[in-house]
Amino acid sequence: MPKRVDHEERRAQIAEALIRVAGRQGLHAVGMRDVAAEAGVSLRLVQYYFETKERLLFHGLQRLTDRFTARVGARLAATGPEPSPRATIEALLLASLPTDEESRTFHLLYSSYAILSVTDEALAAQPFIDNPDAAENAVTGLLEQAREAGLADAGIDARVEAISLLAMTATMGTSILVGQRDPESAIAVLRHHLDRIFTTTGTSATPRTGRL
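Since the structure is predicted, the reported quantities are computational estimates derived from the model, not experimental observations. Starting from 1, residues in each chain are numbered consecutively following that chain's sequence as written. Thresholds applied to this predicted model are a pLDDT of at least 70 for local features of residues and 80 or more for the giving and counting of side-chain atom pairs; totals over whole chains, interfaces and linings are not thresholded and use all residues. Calculated side-chain values reflect all of the structure's heavy atoms, with hydrogen atoms and water omitted.

Asker: Go over the packing of helix α8 (residues 134–148) against helix α9 (residues 158–177) with me, naming the residues and quoting the values.
Answerer: Orientation of α8 relative to α9, taken along the N-to-C sense of each, is 130 degrees, at an axis distance of 8 Å. Classified by the angle between their axes, α8 and α9 sit oblique to one another. Taken as a pair, α8 and α9 cross one another with a handedness that is right-handed. Residues Ala135, Glu136, Asn137, Val139, Thr140, Leu143, Glu144 and Arg147 of α8 form the contact with α9, whose own contacting residues are Ala158, Arg159, Glu161, Ala162, Ile163 and Leu166. Under the scheme applied here, ten amino acids are nonpolar (Ala, Val, Leu, Ile, Met, Phe, Trp, Tyr, Cys and Pro), four are charged (Asp, Glu, Lys and Arg), and all others, including Gly, are polar. Taken together, the residues of the contact of α8 with α9 sort by class into seven nonpolar, two polar and five charged. Angular values range over 0 to 180 degrees, each being the angle between N-to-C directions of two axes fitted as lines to C-alpha atoms, with helices fitted over their stretch in contact. Strands here are runs of E lasting at least two residues and helices are runs of H or I lasting at least four, both read from the DSSP assignment and numbered beginning at the N terminus. An angle below 35 degrees is read as roughly parallel, one above 145 as roughly antiparallel, one from 65 to 115 as roughly perpendicular, and any other as oblique. By convention the crossing between two helices is left-handed if the near helix lies anticlockwise of the far one by an angle smaller than a right angle, and right-handed if it lies clockwise. The contact definition used throughout considers only heavy atoms, calling two residues in contact when any of these lie within 4.5 Å.

Structure follows, in structure tokens:
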């Protein structure tokens, strides 16, 4: 009896190959033939599952998003059963920084996709992120919760602070990627701003030692 093919597993195999190749060569330089060779399958099979390079790229980025969500969850789990608003925000921000190979690849590919979608009509026609305001809304909600509980400065504008923290993290992530700064200095800057927002009763997601 012929072996039954798990199509989702095969899609995942090809998407993971895309992520590895794009992490080495850059998203702009990746072709479907490169991905097929990395995955150890035929070009025809890659085309069967994804049809176009743009669909393959989008599927790979969705997989990256799932991995990012899992990384945030792991950081939160390490803080205890009921992480504070600050601990949750800090886990999200630190997971966004390119401090290891996986997070470096995530930041590189997400940034590359955003840039390519400006000039590539096929990419621009697909949603970059299914819910682009999800992170901003989540951080805003956590800041409002902390403010109401007396854990954050009562005068903060939660929405503005959320936008600022996320934009700052993205920019510093790029500066780490290009070698302008090291992860430790980026983390120190983020915690400086969190200290400004939260009172001393708020808790940090990780010990204040500069460790990632």
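Asker: So, the environment of leucine 76: which residues are in play, and what are the values?
Answerer: Examined against the element boundaries, leucine 76 turns out to sit in helix α4 (residues 53–79). Along the chain, leucine 76 and alanine 91 lie 15 residues apart, while their C-alpha atoms are 6.1 Å from each other. Other than its neighbours up to four places away in sequence, leucine 76 contacts Pro83, Ala87, Thr88 and Ala91.

Asker: Could you give an account of the nonpolar core, naming the residues involved and the relevant values?
Answerer: We call a set of buried residues a nonpolar core when its members are Ala, Val, Leu, Ile, Met, Phe, Trp, Tyr or Cys and they connect through side-chain atoms within 4.5 Å of each other. Only protein chains enter the accessibility calculation, which uses a 1.4 Å probe. A residue is then buried if its area is under 20% of the maximum for its type, exposed if over 50%, and partly exposed in between. The biggest cluster of nonpolar side chains holds 53 residues, and the ones touching the most others in it are Ile14, Val46, Leu56, Ile89, Leu109, Leu143 and Phe198. In terms of residue count, α4 provides more of this core than any other element does, seven residues in total. In this structure valine 46 touches Ile14, Met32, Ala36, Val41, Glu51 and Leu56, once residues within four positions along its chain are discounted.

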